[in-house]
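For reference, the chains in residue letters:
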Amino acid sequence: MKLSVYLSSRLSLSWCSTLFISLVAIPISAQEVNIYSARQSFLIQPIMDDFTRQTGIVTNIVYERSSLVKRLIIEGSASAADLVLTSDVAPLYQLAKMGLIEKVDSEILASNIPVQFRDPQNLWFGLTSRARIIYASKERVDPLEISQYENLMAAKWRGRICCRSAKHNYMLSLISSMILARGEQFTEQWLRGIKQNLARKPQGNDRAQVKAISEGVCDIALVNSYYFGKMLTNQRKPEQIKWAQNVHLIFPNQDNRGSHMNISGIALTKNAPNKANAVSLMEYLSSERAQFIYAQQNHEFPVNNTTPYSPLLNKYIPKFKQDKVALVQIAAQHQQALALIEKVRFDQ
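Thresholds applied
Residues numbered from 1 in each chain as written. Predicted model: local features only at pLDDT ≥ 70, side-chain atom pairs only at ≥ 80, totals over all residues. Heavy atoms only, no water. Salt bridge = Lys/Arg side-chain N within 4 Å of Asp/Glu carboxyl O. Helix = DSSP H or I, 4+ residues; strand = E, 2+ residues; numbered from the N terminus. Buried < 20%, exposed > 50% of the residue type's maximum accessible area, 1.4 Å probe, protein only. Contact = heavy atoms within 4.5 Å. Phe/Tyr/Trp six-rings, centres within 6.5 Å; stacked < 30°, edge-to-face > 60°. Lys NZ or Arg CZ within 6 Å of the ring centre and 35° of its normal.

Enquirer: Which parts of the structure should I look at to understand the pattern of salt bridges?
Expert: Pairing between side chains of opposite charge can happen when the charged atoms of each approach one another. Evaluated as defined, the whole model comprises 18 salt bridges. Taking the shortest distance from any N to any O, the salt bridge between Arg182 and Glu150 comes out at 3.1 Å. Residue Arg182 is located in helix H6 (residues 169-182), and its partner Glu150 is located in the loop between strand S5 (125-137) and strand S6 (161-162); the two are separated by 32 residues in the primary sequence. Judged by relative accessible area, Arg182 falls into the partly exposed class, the value being 41%. Exposure remark for Glu150: the relative accessible area of 9% places this residue in the buried category. Residues joined in a network through salt bridges with shared partners are Glu139, Arg140, Arg160 and Asp219.

Enquirer: What's the story with the environment of Ser173 in this structure? I'm lost.
Expert: Tracing the chain through its elements places Ser173 in helix H6. The class for Ser173 is buried, based on a relative accessible area of 1%. Measuring from C-alpha to C-alpha, the distance between Ser173 and Val89 comes to 8.4 Å, with 84 residues separating the pair along the chain. When neighbours within four sequence positions are excluded, Ser173 is seen to be in contact with Asp88, Val89, His260, Asn262, Ile330 and His334.

Enquirer: What is the right way to look at the packing of aromatic side chains in this model?
Expert: One pass over the structure, following the stated rule, counts six aromatic pairs. Here the aromatic rings of Phe301 and Tyr309 are separated by 5.1 Å at their centres, their planes lie at 35 degrees, and the arrangement is tilted. There is no split in this pair, since Phe301 and Tyr309 are both buried. One aromatic cluster in this structure is built from Phe251, Phe301, Tyr309 and Phe320. Positioned above the aromatic ring of Phe186 is the side chain of Arg182, whose terminal nitrogen or guanidinium carbon lies 3.9 Å from the ring centre. For the cation-ring pair, Lys319 lies above Tyr309, with the distance from its terminal atom to the ring centre recorded as 3.5 Å.

The quantities given are spatial measurements derived from coordinates; they are silent on function.
Right under this line is the structure:
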C-alpha cells in the first residue's frame, strides 16, 4: 500500500515531490481502480484480490498517513485517485464539505448499507462499523457497576480511568454523540467529570489504554471494540493477548439509546478517472461476500445486516443495541465537541 486518508492541519513542502511521485506511480487504464487508503495493506488487500478475481479489474492502493483533503486539493483534476477509503467518518464528512467527492446513486449501495451509515446525499458510504465501548478490569471492576457512558463521571471512578487524547477523531465522535443525546451543557459536565477521574494525562492509542488496565495503571477505558479481537489474535506480540484476556467488554447504554457507532468508509473522488470501475468496487464491498471477508479481517462489524459476524466476534461479542443516530449528524458536531474539549482543558 502506498497512501492514506486522514486530515492534518499542516502542509509541508514535501507535498510537491510526493504529488509528482504519486501521479507517475499510478497508471490509469480502463481495467483499473485507484484507491487512496487510510487502511493498511494486510487489512484490505485480501478483499481487493477477491474483487480482481471476480471482475478482472486491478486495484492500485496508495497508503500514507497524512492529509488526504489537502492532497486532493493540490492534485485537482490531475489526481489519479478514484476512491478514498477512510478509517473514520470525520474525513468523509470533510471531503464532502469541500466538494472533493461525488454523489453515487446506486440501488445496491442503498439496499446494502443502512441509512445511518451513509451520507444522506450519497456522497460517502460506510463499509464496516465498530462500537466505542468500555473496557474494564476483570479483577477490579464488576461489569454491573458501569452500564452507561454517563457513569464515567461518577466520583467512584476517581483516579481509575485511562483515555487517549479527546481530540482524536474516535473520541470526537463519541463526544459529539453525547452532545446530540444530552446537550452541550451536560456534555461539558460529563467531560469535566471524566477529567477528574483520570488516572493519568490522556496519552497513547487505544491499545495503550488496555495495556494500562492490565498493568494496574487504571481500571476502565474507552476503546474501539475491534481492538479486542486484534489483541486477542496477536501472535507476533503475545503480551497483547494477555491484555485482552484481562478485560471485560461493556457495551454502554443498552437500556436507552445504545452504544456509539463509527465506521470505516469509502467515497468516489470528484475527478475519478475510472468512475465505472470505482462504483463497481464500492458495490462489491457492500456485498455479503465482501463484507464477511473485510469485517473479519479487522474484527469489525459488517454494515450489511445480512452478513454474519466473524467466528471470533460470535464467541466474544454479544448482539447489542447500537445507537441509530446518523453519523453525518455526529460528524457535524465535531467542532462543538472540540470547543468543549478546549474549554475544560481535557488533554491538559
